[in-house]
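Spelled out, the chains give:
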Amino acid sequence: MMFQENRIIGILGGGQLGKMVLDVANKWGLQIYILDPNDNCPSSKLCSKFFQGDLMDFDTVINFGKMVDILTIEIENINAEALKFLESNGLEVLPQSRVIEIIQDKSKQKEFYNNNQIPTSSYKIFTGKNELKESVSKGEISIPFIWKASRMGYDGYGVNKISNNKDLEKIDDCHCIVEELISIKKELSVMIASRKSGELINYPVVEMEFNSDSNQVEYILSPAKINNDLKSDAEELAIEVAKKLQITGMLAVEMFLTSENEILVNEVAPRPHNSYHFSIEGSYTSQFEQLLRSILDMPLGSTKIIEASVMVNLVGEKGSNGPVIYKNFDQIIGLEGVNPHIYGKFETRFNRKMGHVTVINENINEAKKLAKEIKETIIITSKK
């Protein structure tokens with residue numbers, strides 16, 4: 001297929017993922033239109049055309065879709081009915097609307113795993129808080145467990161560990177799932193890329209370390225520190241999930257490695273993912289370039305890692321809320337193997353993702369040590 005630069009690509013969402021896709025798109029001379037509710041979002045100044053609008057509004061998404069040749073996403077919280085309508089009128093929507101519809105609802109995701117014999121933690125679905133509380137009081141489910149809102153969760157929001165009845169009072173009253181509490185040894189992620197022609201490849205499995213307070217990813221270790229058998233098992237399971245979904249585009253498959261060495265699928269994301277930001281410097285082909293290759297149906301790039309790397313997320317300090325200030329940035333900028341990315345968000349708040357740093361080093365333990373030092377050095381706060 002010819003490289004058709006004249007096709008307009010539309011992206012729903014203009015956050016940091018969109019910004020990093022645009023870094024590649026601008027290098028390749030591609031036309032990208034962005035739709036986002038915030039006219040100061042990270043992607044707004046880098047795209048060919050920017051449109052401000054509500055991603056959940058049917059007409060807004062339809063009108064945006066009519067202006068582009070291919071439509072993709074960088075966030076799942078969008079109007080899937082609008083995507084279905086656009087598809088039925090001949091627009092190429094990648095990943096497909098049916099895939100997005102499953103993934104944007106955690107209860108549908110769980111049912112999909114169950115129906116396709118994909119190993120996952122056991123769960124129950126509830127329509128609201130009262131139904132859940134009644135089930136607890138009847139002894140049908142027992143505390144502790146993990147509670148997840150079925151829709152609109154992100155970055156640790158909409159997920160809570162319920163350890164007592166007091167925790168149960170704090171959750172939102174919404175459609176939700178309850179998962180058994182798993183004894184987890186490690187959390188893993190595998191990124192899959194696939195294109196319409198049928199080519200499907202995986203990136204090597206990485207390890208995710210979460211902040212215990214915010215439930216956000218704090219560090220990514222590439223490659224994962226697990227044996228080769230477990231690496232193969234994780235990668236094969238991720239490929240199976242992508243094939244069962246019949247997805248075109250990118251799919252991040254997050255998994256638990258249990259204390260019994262079982263691998264269970266936790267959640268998936270049909271887009272570039274925080275767990276593969278390191279790929280910009282640490283892989284032959286970044287996940288953002290791979291997204292463009294996959295939706296344009298071009299040959300997929302090599303997913304091999306160039307060097308071991310550790311990524312650390314940079315988030316807003318506790319108590320910060322307002323125009324952002326980055327402190328001590330000059331102290332890390334000259335260090336060998338250190339690659340900072342600032343997302344261009346003007347406002348910070350506690351735990352908001354404001355950037356990341358990837359540390360490249362042949363010794364992954366040295367990379368992790370330096371990443372920790374960077375995390376402690378850079379302070380992201382707001383003007384008083």
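Here's a quick rundown of the structure.

Our next topic: the overall build of the protein chain. Secondary structure assignment for the protein chain yields 11 helices and 21 strands. Relative to its length of 384 residues, the protein chain is compact, with a C-alpha radius of gyration of 21 Å against a globular reference of 21 Å. Referenced to the eigenvectors of the C-alpha coordinate spread, the extents of the protein chain come out at roughly 60 × 55 × 50 Å. Counting only residues that meet the buried cut, the protein chain has 56% of its 384 residues in that class. Accessible area of the protein chain: about 16800 Å², with a carbon and sulfur share of 46%. Charge centroids of the protein chain, computed over 43 positive and 53 negative side chains, lie 2 Å from each other.

A word on the packing of aromatic side chains. The final tally for this structure, using the stated rule, is six aromatic pairs. Ring plane angle 45° and centroid distance 5.3 Å describe the contact between tyrosine 276 and phenylalanine 278, whose orientation is recorded as tilted. The pair tyrosine 276 / phenylalanine 278 is uniform in exposure class, with both members buried. An aromatic cluster of three or more residues is present, and its members are Tyr33, Phe51 and Phe64.

Grouped together as the largest cluster of nonpolar side chains are 62 residues, with contacts concentrated most on Leu251, Met255, Val265 and Leu292. Apart from residues lying up to four places away in sequence, leucine 292 is in contact with Ile9, Val21, Val24, Ala25, Trp28, Leu30 and Ile32. Counting 19 residues, the second largest nonpolar core, distinct from the first, contains Leu221, Val338, Met354 and Leu370.

Here five strands make up an open sheet; going across it, the order is β3-β2-β1-β4-β5 and the pairing parallel. Two strands in the sheet have a free side with no partner beyond their single neighbour: β3 (49-52) and β5 (92-93). This element, helix α2 (residues 58-65), spans β1 (8-12), β2 (31-36), β3 and β4 (70-73) of the sheet and lies at about 175° to β2.

The next subject is the sheet that holds strand β8 (residues 159-162). In space, the four strands of this open sheet follow the order β6-β9-β7-β8, with antiparallel pairing throughout. Edge positions in the sheet fall to β6 (123-126) and β8, since each of these pairs with one other strand and no more. Recorded for the sheet is a direction-independent mean angle of 25° between the axes of neighbouring strands. Note: strand β7 (residues 145-149) against β8, four bridges, orientation antiparallel. Each residue of the ladder has a partner; that of phenylalanine 145, found in β8, is isoleucine 162. Its contacts with the sheet put helix α5 (residues 106-115) on β6, β7 and β9 (176-179), and the angle it makes with β6 is roughly 140°.

Moving on, we get to the packing of α2 against helix α3 (residues 80-88). Where α2 contacts α3, the axes come no closer than 8 Å and their chain directions differ by 35°. Every pair of crossing elements has a handedness; the one defined by α2 and α3 is right-handed. Residues Phe58, Val61, Ile62 and Gly65 of α2 touch α3, and the partners they reach there are Glu81, Ala82, Leu83, Phe85 and Leu86. Broken down by class, the residue content of the contact of α2 with α3 amounts to seven nonpolar, one polar and one charged.

Bringing α5 into the picture now. Residues Lys106, Ser107, Gln109, Lys110, Phe112 and Tyr113 constitute the buried set of α5. Where α5 is buried, its residues touch α4 (97-103), β6, β7, β9, α8 (228-245) and β15 (263-269). The first or second residue beyond α5 is glutamine 117, which carries a positive phi of 55°.

Reading the values: the criteria
In this numbering scheme, every chain counts its residues from 1 along its sequence in written order. In keeping with the model being predicted, local features are shown solely for residues with a pLDDT of at least 70 and side-chain atom pairs are shown and tallied solely at 80 or more, while totals for entire chains, interfaces and linings include all residues. As a convention, hydrogens and water are excluded, and side-chain values are obtained from all of the structure's heavy atoms. Comment: elements are numbered from the N terminus, with helices defined as DSSP H or I runs of at least four residues and strands as E runs of at least two. We compute the radius of gyration over the C-alpha atoms and compare it with the globule rule, which gives 2.2 Å times the number of residues raised to the power 0.38. Exposed residues in this analysis have more than 50% of their type's maximum accessible area, buried residues have under 20%, and partly exposed residues fall in between, with area computed by a 1.4 Å probe over protein chains only. The protein chains shown are the only cover counted for residues, whose accessible areas, like all others here, come from Shrake-Rupley with a 1.4 Å probe. A residue counts as positive if it is Lys or Arg and as negative if it is Asp or Glu; His and the chain ends are not included. Each charge is placed at NZ for Lys, CZ for Arg, CG for Asp and CD for Glu. Planes of paired rings set the category: under 30 degrees apart is stacked, over 60 is edge-to-face and the rest tilted, where pairs are Phe, Tyr or Trp rings (Trp by its six-membered ring) whose centres lie within 6.5 Å. Take the buried residues of types Ala, Val, Leu, Ile, Met, Phe, Trp, Tyr and Cys, join any two whose side-chain atoms come within 4.5 Å, and each joined set is a nonpolar core. The contact rule is simple, with two residues in contact once any of their heavy atoms fall within 4.5 Å. The pairing criterion for strands is at least two bridges between them, as found by DSSP. With axes taken as lines fitted to C-alpha atoms, and helix axes fitted only over the stretch in contact, angles between N-to-C directions fall between 0 and 180 degrees. Each crossing gets its handedness from the near helix: less than a right angle anticlockwise from the far helix is left-handed, clockwise is right-handed. For this classification, Asp, Glu, Lys and Arg are treated as charged, while Ala, Val, Leu, Ile, Met, Phe, Trp, Tyr, Cys and Pro are nonpolar and the rest, including Gly, are polar.

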